[in-house]
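Here are the chains, one letter per residue:
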Amino acid sequence: MSKIVVVAATGGIGRHLLNQSLAAGHEVTAVVRNPQRLGSTPARVVRCDLALPQAGLLEDAVAGADAVLSALGAPTAAETGVASIGTRAVVEAMTATGVRRLIVVSAASVGTVASPGRPDPPRHNPGDGVVMRHLIAPVAKKLFRRHYLDLAVMEDILRDSDLAWTVSRPPRLLETRLRRRYRTAFDVNVRSAMFISRADVASHMLAMIDDPSTVHRTVSIAY
Ligand SMILES: NC(=O)c1ccc[n+]([C@@H]2O[C@H](COP(=O)([O-])OP(=O)(O)OC[C@H]3O[C@@H](n4cnc5c(N)ncnc54)[C@H](OP(=O)(O)O)[C@@H]3O)[C@@H](O)[C@H]2O)c1
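Computed from a predicted structure; not experimentally measured.

*Asks:* Any chance you could explain the UniProt feature "domain: NAD(P)-binding" (unreviewed entry) in the protein here in plain terms?
*Replies:* Those places that UniProt annotates as "domain: NAD(P)-binding" (unreviewed entry) correspond, in this numbering, to residues 9–212. Along residues 9–212, the helical share is 37% and the strand share 17%, with 24 Å between the first and last C-alpha atoms.

Have a look at this one:
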């Protein structure tokens with residue numbers, strides 16, 4: 001049994017992280033902005049708005065944890081920026097309390113997004129097929145430009161930290177069942193892949209906690 005903190009435990013992936021961690025017998029702390037959305041849960045619940053994070057609350061939430069898993073992201077365009085702001089606060093709280101293992105959710109498209117810490121990313125992701133490379137990725141990057149930049153800056157914050165971090169980069173998320181069968185790839189996208197379920201992203205994040213080969217890596221996951 002490990003002590004696990006799930007950040008954004010009310011979200012699509014966050015709920016799977018919470019339920020799968022509890023089902024595996026872990027001692028879980030859920031960091032959420034709206035505890036009513038959780039319903040009744042055996043997890044310890046810490047209320048924190050990560051757009052306006054309070055260091056003391058977060059330090060209390062993460063102190064003593066074996067791992068922190070975050071599925072934080074902006075549910076609406078107006079909330080864009082929360083992934084980088086909230087993750088910076090989580091990283092600072094972990095650094096202050098000596099907690100080292102952090103796994104966060106980013107997105108497959110972020111590998112080709114320029115950010116202050118990575119100003120010259122590759123133009124195309126080597127894993128992307130022709131349709132993804134020339135049709136879907138350019139359109140998605142135009143539509144979700146600010147959202148992807150927020151995630152790219154979040155990745156910069158991890159790379160600049162002293163934590164044992166891992167970035168999970170899924171493509172389009174589905175609300176389909178847990179299969180436990182998926183492909184993964186380090187630092188590039190999974191070849192010609194477009195989908196993954198939120199349940200499988202959560203399952204893979206939990207599996208990566210004790211996998212040293214994933215530390216300081218971006219790991220793509222897809223069917
Ligand atoms: N949709 C896709 O196809 C796709 C593909 C690749 C990557 N992604 C990335 O994956 C992330 C996770 O996906 P998802 O489906 O789980 O997203 P989601 O359901 O929108 O979950 C986002 C979580 O972040 C929380 N959150 C947002 N602002 C917050 C704040 N100020 N304080 C505290 N918590 C806050 C939300 O809390 P509430 O429950 O209170 O709103 C929710 O728990 C997305 O945000 C996106 O960046 C998405």
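*Asks:* Teacher, can you tell me more about the site of the ligand here?
*Replies:* Surveying the vicinity of the ligand reveals 27 residues, the closest of which are Thr10, Ile13, Arg37, Asp49 and Arg198. With respect to the ligand, the side chain of Arg33 contributes an N or O atom lying 2.8 Å from an oxygen atom. His147 is positioned such that a nitrogen or oxygen atom in its side chain is 2.9 Å from an oxygen atom of the ligand. Contact with the protein chains removes 86% of the 910 Å² of surface that the ligand exposes when unbound. Elements supplying a minimum of two residues to the shell around the ligand: α1 (12–23), α5 (145–159) and β7 (172–174). Class assignment of the residues belonging to the shell around the ligand gives a composition of 16 nonpolar, six polar and five charged.

*Asks:* Would you explain the side chain of Gln20 in this entry?
*Replies:* For Gln20, the position within the fold is in helix α1. Residue classification places Gln20 among the buried residues on the basis of a relative accessible area of 17%. Excluding residues within four positions of it along the chain, Gln20 makes contact with Leu178, Ala199, Ala202, Ser203 and Leu206.

Each value, and the rule that gives it
Residues numbered from 1 in each chain as written. Predicted model: local features only at pLDDT ≥ 70, side-chain atom pairs only at ≥ 80, totals over all residues. Heavy atoms only, no water. UniProt positions renumbered as here; feature names shortened; annotations may be inferred. Helix = DSSP H or I, 4+ residues; strand = E, 2+ residues; numbered from the N terminus. Near = heavy atom within 4 Å. Polar contact = N/O pair within 3.5 Å; in protein donor to acceptor, adjacent residues only side chain to side chain. Areas by Shrake-Rupley, 256 points an atom, 1.4 Å probe, with all protein chains shown as cover. Nonpolar A, V, L, I, M, F, W, Y, C, P; charged D, E, K, R; others polar. Buried < 20%, exposed > 50% of the residue type's maximum accessible area, 1.4 Å probe, protein only. Contact = heavy atoms within 4.5 Å.

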